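Coordinate analysis (summary)
What follows is the residue order along each chain.
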Amino acid sequence: MKRAVIIGAGIAGLATALRLGRDGWHTTVVERAPARRSSGYLVNLLGPGYDAAERLGLTAALATHDVGLFTTVLVRADGRAKLTVPSAIAEAALGERAVSLFRGDLEATLYAAAHDRTQIRFGTTVTAIDQDTDGVRVMLSDGTTQEADLLVGADGVHSATRTTSFGADHQVDLPYIVGAVPLSHPVADVPEPSATTFIGPGRTAAVVNLGPQRSSAFFTYRCTDPASELKRGPVDALGTAFGDLGGGVPDVLHHLAQNPAAAYFDAVSQVIMPRWSTGRIVLLGDAAWCVTLFAGHGAALALAGADQLGAALQRHGDDVPSALLDWEAGLRPEVTRRQAHARRGMLQYAPPSRFHVWLGDLAIRALTLPALRRLLQRATR
Ligand SMILES: Cc1cc2nc3c(=O)[nH]c(=O)nc-3n(C[C@H](O)[C@H](O)[C@H](O)COP(=O)(O)OP(=O)(O)OC[C@H]3O[C@@H](n4cnc5c(N)ncnc54)[C@H](O)[C@@H]3O)c2cc1C
C-alpha cells in the first residue's frame, strides 16, 4: 500500500486525505492545531471546486450547510442604504452549481468523509524532512518518524513545508489586511436574512445577518505596513480602520472585542512559485498558490487540486515525481488565471478614490439589468 503524509488538516489537506484514501493510499495527516477549527468566514464554492466536490461525493452533505442566497444592501458610512442588490445578482454570478457555506462547515464535511480512512494527528508539526529517490522520511514533533512515498504540504499560506523544502522567497505580500468575524448572535441594524456592504476608498466592511451562529462580518483595508497592523491585533486595527462606520459595524466590533480569538485576521499574500513539487514533496492549496480572498476561489482550487492530484497519481502508478509534474501542468493555467483575477479584484474591495467607489456603484447598478448579468456570469466562473 502506498503511503502519504499530509501536513495540514485544512480544506486542501483533508480533501487530499479523502481522495488518496479512496484510491487505496494509507494517509497520515499532521495538524498543528490541537483540534479541528470551526466557523470561520463564508466561502462560495463554484466552478472547478464544485465539480471536484461532486467527484469526491460531497455535494449532498455540503448542501445541508448551504446558507442560500440573500439580499445585499450597499450602505453609506453611517449605515444608511444606498442601493439594494437583489439575491438574483448573486444567483446569476454563482449559478446553480454552487454552494455558499462557512469554511468550518466545509472542513467538517471533509473531515466526516475522510476521518475513517486516515489517521489525523492534532497538535503535531513536522521537525525535519528528508527524501531520496525511493521515499521521503518525515520527522514529527511527537518524536515519531513517518516513511512515505509522498509528502503533501497543505499547511496554508504561511507554509513551513514550503520554507523548508523550497526556500523562503515565494510569498508576495500585498498591502491589505483582512479580518473575518464569526458572530454567534443576529446583528443589530441588519435585517435577517440579508447583508450590508460598505465600500469606501481603500476599504470594505460587510456584515451578514443570517441569524444566530450563522452570521459573520468581513473587513478588508489597504495599508502601507501590514506587519505593524498585525502587531496591533484585530480589535485595535479593525477598530481604528472601521470605528467611524454605522449600521451593523459597531455591534460587530463590540462582539469582536469580547472574543478576538474567534476572528480570522491576517495580511493578504499571494504565493507564486515556479514549481509546486520537488521529487516526492508537493505543495497543495494556499501553501502552493494562495490566490487570496480577492479571487474567491482558494477553497475551490484546494478541492480541485486534491482531486486532480489523486487522478494524476492513479495515471502514473509508482512514478510519483512524474505524476506531480503532470498534475501541475494541468492545474497551473487555472491558478495563474485566478491569481491575475485577484490582483484586479483588489480595486473592487479597496477602491483607490471616491471616483472609483462611484464607478463601482455604477457597475453594480448596471448589473441589476438582466441583460448584463450574463457578463457577470462569465467574469465570475
Ligand atoms: C475572508 C476570506 C474569504 C474567502 N472566501 C473564499 C470563497 O468565497 N471561495 C473560495 O473558494 N475561497 C475563499 N477563500 C480562500 C480559502 O478560504 C482558502 O484558499 C482555503 O481555506 C485554503 O485552504 P488550505 O487548506 O490550503 O489552507 P488553510 O485553510 O490555511 O489550512 C492549512 C492548515 O494547515 C495547518 N498548519 C499550518 N501550519 C502547520 C504546520 N507547520 N504543521 C501542521 N499543520 C499546519 C493549519 O492549522 C490549517 O489547519 C477566502 C479566504 C478568506 C480569508
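To be clear, the structure that these remarks concern was listed above.
Residues numbered from 1 in each chain as written. Predicted model: local features only at pLDDT ≥ 70, side-chain atom pairs only at ≥ 80, totals over all residues. Heavy atoms only, no water.

1. Here we look at the sheet that holds strand β2 (residues 26-30)
Spatially, β7-β2-β1-β11-β18-β17 is the arrangement adopted by the six strands of the open sheet, whose pairing is mixed. Each edge of the open sheet carries a strand with a single partner, namely β7 (118-121) and β17 (277-278). In this structure, strand β11 (residues 150-153) lies alongside strand β18 (residues 281-283), joined through three bridges in parallel fashion. Along β18, the bridge assignment pairs leucine 151 with isoleucine 281. (Pairing = 2+ DSSP bridges. Helix = DSSP H or I, 4+ residues; strand = E, 2+ residues; numbered from the N terminus.)

2. A closer look at the site of the ligand
The local shell around the ligand holds 31 residues, among which Ala12, Glu31, Tyr41, Asn44 and Asp286 are the closest. Arginine 32 is positioned with one of its backbone polar atoms (N or O) 3.1 Å from a nitrogen atom of the ligand. Glycine 298 is positioned with one of its backbone polar atoms (N or O) 3.2 Å from a nitrogen atom of the ligand. Burial of the ligand by the surrounding chains reaches 90%, relative to a free accessible area of 1,000 Å². Each residue belonging to the shell around the ligand can be placed in one class, and the counts come to 16 nonpolar, 10 polar and five charged. The residue makeup of the shell around the ligand includes at least three contributed by each of domain 1 (3-44 + 52-66 + 102-172 + 270-346) and domain 2 (174-268 + 348-380). (Near = heavy atom within 4 Å. Polar contact = N/O pair within 3.5 Å; in protein donor to acceptor, adjacent residues only side chain to side chain. Areas by Shrake-Rupley, 256 points an atom, 1.4 Å probe, with all protein chains shown as cover. Nonpolar A, V, L, I, M, F, W, Y, C, P; charged D, E, K, R; others polar. Domains from an automatic or database assignment.)

3. Thoughts on the packing of helix α1 (residues 11-22) against helix α10 (residues 298-316)
The contact between α1 and α10 brings their axes to 8 Å, and the two run at 30 degrees. As the angle between them shows, α1 and α10 are arranged roughly parallel. Handedness of the α1/α10 crossing: right-handed. Across from Ile11, Ala12, Ala15, Thr16, Arg19 and Leu20 in α1, the residues of α10 making contact are Ala299, Ala302, Leu303, Ala306, Asp307, Leu309, Gly310, Ala311, Leu313 and Gln314. (Axes fitted to C-alpha atoms, helices over the stretch in contact; angles between N-to-C directions. Parallel < 35°, antiparallel > 145°, perpendicular 65-115°, else oblique. Left-handed = near helix turned anticlockwise from the far one by under 90°. Contact = heavy atoms within 4.5 Å.)

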